Amino acid sequence: MSENRLTLNLVEGSVSFSFSPQAARELKAALDELMQSLKAVAAKTTPGGKPSPQRPMEYRSTGEVFLEIFCNPNIWSTPFAAKVLLTVRDASIRLTTEAELTRVVEDINQYLEQVG
């Protein structure tokens, strides 16, 4: 079986790890839902009015490597400004950092194009 590797570009550097196409499709669905929540927050009904609070996105995948992505859409003014908290870990290492949401979306889309 060929190993599928997902590379996520971070604010500084990148991280690459084994990731299944099925998990990538699930992550893409969660990210699409997050983008809709962010758009709802950005499209305030009235100037100065408060948008209805959106549910935070919490995605977890436990494959060869544990991946967790968290984002609270209520604190970002637009999807383009949004960042996610990203945790990647296995038995010997743990990386927790921020990544730009739009870049993570691009990385997942690129990965899915490659694996089909």
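It should be noted that the structure appears before, not after, this text.
Residues numbered from 1 in each chain as written. Predicted model: local features only at pLDDT ≥ 70, side-chain atom pairs only at ≥ 80, totals over all residues. Heavy atoms only, no water.

Trainee: Would you mind showing me how to read helix α1 (residues 21-42) here?
Mentor: Each α-helix turn comprises 3.6 residues. Residues three or four places apart therefore point the same way. A rise of 1.5 Å per residue sets the reference length of α1, with its 22 residues, at 32 Å; its end C-alpha atoms lie 31 Å apart and thus fit the reference within 8%. Within the sequence span of α1, burial applies to Ala23, Ala24, Leu27, Ala30, Leu31, Leu34, Met35, Ser37, Leu38 and Val41. Down the axis, α1 shows its buried residues gathered within 165° of arc, on one side only. Here the buried face of α1 lies against β3 (57-62), β4 (66-71), β5 (83-89) and α2 (101-115). (Helix = DSSP H or I, 4+ residues; strand = E, 2+ residues; numbered from the N terminus. Expected span 1.5 Å × (residues − 1). Buried < 20%, exposed > 50% of the residue type's maximum accessible area, 1.4 Å probe, protein only. Arc of directions from axis to C-beta. Contact = heavy atoms within 4.5 Å.)

Trainee: I'm lost on the sheet that holds β5 in this one. Help?
Mentor: By way of backbone hydrogen bonds, the strands of a sheet pair with one another, either parallel or antiparallel. The four strands are arranged β3-β4-β5-β6 in an open sheet whose pairing can be described as antiparallel. Every other strand in the sheet has two partners, leaving β3 and β6 (94-100) as the edge strands with one partner each. On average, each strand axis in the sheet is inclined to that of its neighbour by 15°, with strand direction left out of account. Bridging between β4 and β5 involves five bridges; their strand directions are antiparallel. What sits directly across from Phe70, in β5, is Leu85. Sheet strands touched by α1: β3, β4 and β5. Its angle to β3, the strand with the most contacts, is close to 175°. Docked against the sheet, α2 engages β4, β5 and β6, running at close to 105° with respect to β6. (Pairing = 2+ DSSP bridges. Axes fitted to C-alpha atoms, helices over the stretch in contact; angles between N-to-C directions.)

Trainee: Got a minute to help me understand α2 in this structure?
Mentor: Compared with an ideal rise of 1.5 Å per residue, which puts 15 residues at 21 Å, α2 spans 21 Å between its outermost C-alpha atoms and is within 8% of the ideal. Within α2, burial applies to Leu101, Val104, Val105, Asp107, Ile108, Tyr111 and Leu112. Looking straight down α2, one finds that the buried residues subtend no more than 160° of arc, so they occupy a single side. Along α2, exposed side chains directed more than 90 degrees from the buried face belong to Glu113 and Gln114. Looking one or two residues past α2, Gly116 carries a phi angle of roughly 85°, positive in sign.

Trainee: Could you clarify how one ought to interpret the packing of aromatic side chains in this entry?
Mentor: The description of an aromatic ring pair rests on the distance of the ring centres and on the angle between the ring planes. With the rule as written, the count across this model stands at two aromatic pairs. Centre to centre, the rings of Phe17 and Phe19 are 5.7 Å apart; their planes meet at 85°, and the pair counts as edge-to-face. With respect to class, Phe17 is no different from Phe19; both count as buried. Plain terms: the ring middles of Phe19 and Tyr111 are 6.4 Å apart, the flat faces sit at 65° to each other, and that makes the pair edge-to-face. Of the two residues, Phe19 sits in the loop between β2 (14-18) and α1 while Tyr111 sits in helix α2, which places them 92 residues apart along the sequence. The pair Phe19 / Tyr111 is uniform in exposure class, with both members buried. Grouping aromatic residues by their ring pairs yields a cluster made of Phe17, Phe19 and Tyr111. (Phe/Tyr/Trp six-rings, centres within 6.5 Å; stacked < 30°, edge-to-face > 60°.)

Shape descriptors only; they carry no functional weight alone.
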